[in-house]
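Spelled out from the first residue to the last, the chains are:
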Amino acid sequence: MRTILLLHTGGTLGMMPSGEPASLAPGRFLDHLLEQVPELGQMARLSVEVPFNQDSSCLEPGHILLLASRVRAAAQAFDGFVIIHGTDTMAFTASCLGFLLADLGKPVVLTGSQRPLAFVRSDARSNLVNAVDLACRGIPEVGICFGTHWIRGVAADKLSVHQFEAFQSPNLPPLAEIGAEILLHPEVGQFVRQVPPGLGDRLDLAIHTQTPHPGMAWSPAPAQARAMLIQAFGAGNLPMDREDLRGALEDARRRRLPVVVISQCPYGGVDLSAYELGRRIESMGAISGGLHTRWAALAKLGLVLGAGGGIDEVREAFRVRWAGEPMQEGAWSQV
Ligand code: ASP
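Some remarks on the nonpolar core
No. 1: One finds Leu101 and Ile144 to be the most contacted residues of the largest nonpolar core, which totals 59 residues.
No. 2: Sequence-distant contacts of Leu101, defined by excluding residues within four places in its chain, comprise Ala68, Val71, Arg72, Val108 and Val142.

Considering the pattern of salt bridges
Oppositely charged side chains can pair when the atoms bearing their charge come close.
No. 1: In total, this model carries 17 salt bridges according to the counting rule given.
No. 2: Of the charged contacts, one joins Arg70 and Glu49 as a salt bridge, the two residues approaching to 2.7 Å between their closest N and O atoms. One end of the pair, Arg70, is in helix 3 (residues 61-73); the other, Glu49, is in strand 2 (residues 45-49), and 21 residues separate them in sequence.
No. 3: Classification of Arg70 as partly exposed rests on a relative accessible area of 28%.
No. 4: Taking the shortest distance from any N to any O, the salt bridge between Lys300 and Glu325 comes out at 2.7 Å. One end of the pair, Lys300, is in helix 8 (residues 294-306); the other, Glu325, is in the loop between helix 9 (311-317) and helix 10 (331-334), with 25 residues separating them in the sequence.
No. 5: You can call Lys300 buried: its relative accessible area is 0%.
No. 6: Residues joined by salt bridges that share partners form a network here, namely Arg202, Asp204 and Arg226.

Let's talk about the site of the ligand
No. 1: If you check the shell around the ligand, you find Gly11, Thr12, Asp55, Ser56, Gly86, Thr87, Asp88 and Ser113 and nothing else.
No. 2: Residue Thr12 places a main-chain N or O atom 2.9 Å away from an oxygen atom belonging to the ligand.
No. 3: In this structure, Ser113 approaches the ligand through a main-chain N or O atom, which is 3.3 Å from an oxygen atom.
No. 4: In isolation the ligand has 270 Å² of accessible area, and contact with the protein removes 89% of it.

Procedures and definitions
Residues numbered from 1 in each chain as written. Predicted model: local features only at pLDDT ≥ 70, side-chain atom pairs only at ≥ 80, totals over all residues. Heavy atoms only, no water. Core = buried A, V, L, I, M, F, W, Y, C linked by side-chain atoms within 4.5 Å. Buried < 20%, exposed > 50% of the residue type's maximum accessible area, 1.4 Å probe, protein only. Contact = heavy atoms within 4.5 Å. Salt bridge = Lys/Arg side-chain N within 4 Å of Asp/Glu carboxyl O. Helix = DSSP H or I, 4+ residues; strand = E, 2+ residues; numbered from the N terminus. Near = heavy atom within 4 Å. Polar contact = N/O pair within 3.5 Å; in protein donor to acceptor, adjacent residues only side chain to side chain. Areas by Shrake-Rupley, 256 points an atom, 1.4 Å probe, with all protein chains shown as cover.

Below, the structure is given as structure tokens:
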């Protein structure tokens, strides 16, 4: 039997019918799980820890770093890891862990649910069973198991507030389709690991994020910002006729703040060569984030800035595929 460490961090899955979080004590949480889903005990030898227990909207960088270091410290003792996490920020945690644990060599499966485990009609039971099953398979991926898919963490986003199929990786086929059988993608676990050394002690998220809309007023990044992340229109277009936008980009250039451009569209990504506007943005020093999700882009920025990197290191980070994240169109063949 495989040994699995299950880290419960909160969210809807563990909530009681009253809406309260489940008991904090790991032993009692394991009892709660086994009472609701007794088959988990037949699938693996489970150990449970509760590093924190909260709504995932309250996630802070320290929580993610704590998870990464706990998994790393326990890597020899367990065959796989399941992380129960609230859905709201699960894609960000999965992106950070996808980079931080790229070389772990063991499965790290994040899951959660849209309805609590304690409810009769709930997606929690099947999500948990599938997550433990995947964690037992020895596949070196950090991914989200939710509904009928297992998807790579660094490509994931939450696209539905209420559907049981809450997560997708719009620019990468799923790692597995979960039905009567679990059908694994033939290239699951196979990607080049090129995360730069020395990352992971800090996640600096002093990032000025902007999601433009027509008519938006632009202003320079605040003094404490260390980078800008702009979620631009379509292939990476911005209203470059706007003087205030040009002023904000010029200000960033003067301060040597990295400006990364990703797309508001979940499907496809940025190609700054596609339009005149994109070429103008690039000529002002902006860096294309290609097909990075906002979560993967934030994770990369946070890790590079946290390690003391500046504009050159950020530019390099968005040029190199660190851990199988989609970067350009036709992504699967390149990861
Ligand atoms: N607000 C919850 C959370 O992210 C939502 C969920 O778990 O589905 O913790």
